[in-house]
Amino acid sequence: MSNAINDPQGLPDVHALEKLANAYFSALPGNYNAADVPSAELLPHSNNQIQENSTFTHSPSAIYQGNAIDLSDPQTSLPDSNGLGLGHVPKSTAGSGGPSGNFNTAKQANNPFNISSLLPFEADQPYEKELQKALASVSSYSPSSQLPFNPSAILSENSYYFSSGIQFVTSADTQNSGRYGNGVVTGKSQPSFNVNLIRNDFPLLSEQVNGKPLIWLDNAATTQKPRQVIDRLNYFYAHENSNIHRAAHELAARSTDAYEGARQKVQRFINARSPNEIVFVRGTTEAINLVANSWGDEYLQQGDEIILTHLEHHANIVPWQLLAKKKGLKIRVIPVDDDGQLLLDEYAKLLNPRTKLVSFTLVSNALGTITPAKQIVAMAHAAGAKVLADGAQSVSHIRTDVQALDADWFVFSGHKVFGPTGIGILYGKEDLLNSTQPYQGGGNMIEDVTFEHTQFHQAPARFEAGTGNIADAVGLGAAIDYVQKIGIDNIYQYEHYLLDYASHKLAQIPGLRPIGTAPDKTSVLSFVLDGFTTAEVGEALSREGIAVRSGHHCAQPILRRFGLEATVRPSLAFYNTCAEVDTLVAVVGGLKSAKQIYFH
Ligand code: PMP
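To start, this report covers the structure provided alongside it. The shown structure was predicted, so the numbers you read here are calculated from the model rather than taken from an experiment.

Comments concerning the overall build of the protein chain
- Along the backbone of the protein chain there are 21 helices and 17 strands.
- For the protein chain, the proportion of its 600 residues judged to be buried stands at 58%.
- Counted over contacts in the protein chain with a minimum sequence separation of 6, partners at least 24 positions apart contribute 72%.
- Surface accessibility of the protein chain: about 23400 Å² in total, with carbon and sulfur atoms responsible for 51%.

Right, dumping it as structure tokens:
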């Protein structure tokens, strides 16, 4: 098959590529149609029946064949399969309430099959390898990374994600260039994508609102979910639901594998050293409160100082204020310039031997500013302070590499990265997590309890008291798979162009004042419009089916820095299009003439 891809000069044959790509994408779980798959033999484990009206090709029992946790000896130490010193299976004595601390899934440890290749959500699709090979030859041969952006290419009706008409992200462009100086590494040659096909994966994007097709531009508040995530949640409750780690039965093994598998997906996604550094929490807010109430409460003392930035979301202000009041701490704030960029020289002046923590956002939710994260972390560490990085607004837009960033904690919410609500991540360096007191006490986080004394597990169980949000953790794993299939660098590149396109068009509307004009920005297009309240603009847009946030965005200090109490805030994701931006611009631009109709 791969021979047919290249012509005698070694250049790719566009028709062959198109055919390959069509076959590939029609076989993706969300687009699955049994009739499109040429041969059942090409599917992994094709001995299973394809279920009617189902995206899954595998029976649950086939999926979990050979997958049971060995419960006969809950202390069993297993081979260290990944070289990270994770040698223990969950200690699954019924009702005892806990694993042995460091997790290693039954899947990794005890399974002669590669179970992950059996799960429908995780399996490589037919043609994927051939397609990637073909695309690699295109990107290494093509000088197209130099092509100027052409929005119409993205709006074209090509029936495959990858179009040779669009630019490629090349490693020369972006590889570890520190383009934003933020430890967020972009890179690796990856093809661009066709947004129209991607949109098919998101059922809600086909919704009508007020009689108009929905235009979802409230992505900074939450993102829509692809079918792959929705199906994964459904599958969990239909085939895997059980409490984890605790019981000596098959379903406990399934749910434990699914949950711990999701932890490993997160680990790889953010490039943490070990799954033990990944704690499941409710979201960014809970993660920050966890650090404040565990590490902060244990290690900070009267007179210590915490540095925040003027850009912070309330979730990264209020927990520190509560702690400061309780312990007599001082909070200091890095100011911004009129574009919304942090003033690093002012930051340098704030650092001193009393500084114990710097807590900052990678991307401002109100302005879209990308902060110089790597520099912020390095400066804090040089002053002897710990660093918490809030990735709530960065994680769906720019590559995360926690090792390159070197922050002590990194936090984000699943719902901002196409995953479910009610699940989020606290990453912490392993030694730091293990030398920090727990946040909450209860089942699941203990080694041993007497009425006099409790011995806690190591991380991550140490910080996961009680029954967690198992299904949504699994759903977050599916969201990460989805993002990685598209490629975070492709997402970044596409959104970057879309943001430029939208900023340029909005700026031409008379009376519109953009708020947040830093050169390094992502996703967010805050503005105010002369003669209209932000609520009026939001309502007018909603009448046209356009969802944007208008208000203070839980970031009152930064809006007040610009003399405002509220802005209108359209925010983009990779499934938005230039056509949607055009509609936004037309409605906002037409508001003055429509004022009579709408507001009188
Ligand atoms: N930090 C930032 C930068 C955010 O944008 C948000 C959500 N808007 C949060 C923290 C809080 O996230 P969550 O509500 O999911 O806990």
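Looking at the site of the ligand
- Every residue lining the ligand is accounted for by Thr284, Thr285, His313, Ala315, Thr361, Asn365, Asp390, Ala392, Gln393, Ser413, His415 and Lys416.
- The contact in question runs from an oxygen atom of the ligand to an N or O atom on the side chain of His415, over 2.7 Å.
- The separation between a nitrogen atom of the ligand and a polar side-chain atom of Lys416 is 2.6 Å.
- Surface burial for the ligand is 85%, taken as the share of its 390 Å² of free accessible area covered by protein chains.

Description of helix α18 (residues 534-543)
- All of the buried residues along α18 are Thr534, Val537, Gly538, Ala540 and Leu541. Projection of α18 onto a plane perpendicular to its axis shows the buried side chains occupying an angular sector of 165°, all on one side.
- Just beyond α18, the residue with positive phi is Gly545, at close to 85°.

A closer look at helix α16 (residues 470-486)
- Its 17 residues place the ends of α16 25 Å apart at the C-alpha level, agreeing with the 24 Å of an ideal helix rising 1.5 Å per residue.
- Of all the 17 residues making up α16, 15 are buried; the element is thus mostly covered by neighbouring parts of the structure.

Quick notes on the pairing of strand β8 (residues 386-390)
- Of all five residues in β8, four are buried; the element is thus mostly enclosed.
- Summarising the sheet, strand β7 (residues 355-361) and β8 pair through five bridges and their orientation is parallel. Residue Ser359 lies in a different strand from β8, and its bridge partner there is Leu388.
- Between the parallel pair β7 and β8, the chain is carried across by helix α13 (residues 373-382), and the sense of this crossover is right-handed.
- Where β8 meets strand β9 (residues 409-413), three bridges bridge the pair, whose relative direction is parallel. Looking across to β9, one finds that Ala389 is bridged to Phe410.

Observations concerning the packing of helix α8 (residues 227-240) against helix α9 (residues 250-270)
- Interaxial distance between α8 and α9 falls to 10 Å at its minimum, and their mutual angle equals 160°. Between α8 and α9, the crossing angle belongs to the class labelled roughly antiparallel. Contact residues: α8 offers Arg232, Phe236, His239 and Glu240, while α9 offers Leu251, Arg254, Ser255 and Ala258.
- Across the contact of α8 with α9, the residue classes break down as three nonpolar, two polar and three charged.

Description of the side chain of Arg199
- By the secondary structure assignment, Arg199 is in helix α7 (residues 195-200).
- A distance of 3.0 Å separates a polar atom in the side chain of Arg199 from a polar atom in the side chain of Glu580.
- Dropping the residues within four chain positions of it, Arg199 is found in contact with Leu205, Tyr575, Asn576, Thr577 and Glu580.

Points about the pattern of salt bridges
- Enumeration over the complete set of coordinates arrives at 21 salt bridges.
- As a salt-bridge pair, Arg549 and Asp218 come within 3.3 Å of each other at their nearest N and O atoms. Of this pair, Arg549 sits in strand β16 (residues 549-551) while Asp218 sits in the loop between β3 (215-216) and α8; the two residues are 331 residues apart in sequence, bridging distant segments of the chain.
- Residue classification places Asp218 among the buried positions, given a relative accessible area of 6%.

Considering the packing of aromatic side chains
- On inspection of all chains with the given rule, the structure shows 13 aromatic pairs.
- Between Phe236 and Tyr237 the ring centres are 5.4 Å apart and the planes differ by 80°, which places this aromatic pair in the edge-to-face class.
- With relative accessibility at 1%, the residue Phe236 sits in the buried group.
- Since its relative accessible area comes to 53%, Tyr237 is described here as exposed.
- With a centroid separation of 4.8 Å and an interplanar angle of 45°, the aromatic rings of Tyr259 and Phe280 are classed as tilted. You can see Tyr259 sitting in helix α9 and its partner Phe280 sitting in strand β4 (residues 278-281), a full 21 residues away along the chain.
- Feature note: the residues Phe202, Phe418, Tyr482, Phe574 and Tyr575 constitute an aromatic cluster, connected by ring pairs.
- Sitting over the ring of Phe562, Arg561 keeps its end group 5.3 Å from the ring centre.

Points about the environment of Lys225
- Mapped onto the elements, Lys225 comes out in the loop between β3 and α8.
- Distance in space between the C-alpha atoms of Lys225 and His415 is 8.4 Å, their sequence separation being 190 residues.
- Those residues within four positions of Lys225 in sequence are excluded, and the remaining contacts are Asp201, Phe202, Pro203, Ile230, His415, Phe418 and Gly419.
- Of note is the side chain of Lys225, whose polar atom sits 3.1 Å from the backbone oxygen of His415.
- Here Gly419 takes part through its backbone oxygen, which lies 2.7 Å from a polar atom of the side chain of Lys225.

Reading the values: rules and limits
- Residues numbered from 1 in each chain as written.
- Predicted model: local features only at pLDDT ≥ 70, side-chain atom pairs only at ≥ 80, totals over all residues.
- Heavy atoms only, no water.
- Helix = DSSP H or I, 4+ residues; strand = E, 2+ residues; numbered from the N terminus.
- Buried < 20%, exposed > 50% of the residue type's maximum accessible area, 1.4 Å probe, protein only.
- Contact = heavy atoms within 4.5 Å.
- Areas by Shrake-Rupley, 256 points an atom, 1.4 Å probe, with all protein chains shown as cover.
- Near = heavy atom within 4 Å.
- Polar contact = N/O pair within 3.5 Å; in protein donor to acceptor, adjacent residues only side chain to side chain.
- Arc of directions from axis to C-beta.
- Expected span 1.5 Å × (residues − 1).
- Pairing = 2+ DSSP bridges.
- Right-handed = clockwise from strand over helix to strand, strands pointing away.
- Axes fitted to C-alpha atoms, helices over the stretch in contact; angles between N-to-C directions.
- Parallel < 35°, antiparallel > 145°, perpendicular 65-115°, else oblique.
- Nonpolar A, V, L, I, M, F, W, Y, C, P; charged D, E, K, R; others polar.
- Salt bridge = Lys/Arg side-chain N within 4 Å of Asp/Glu carboxyl O.
- Phe/Tyr/Trp six-rings, centres within 6.5 Å; stacked < 30°, edge-to-face > 60°.
- Lys NZ or Arg CZ within 6 Å of the ring centre and 35° of its normal.

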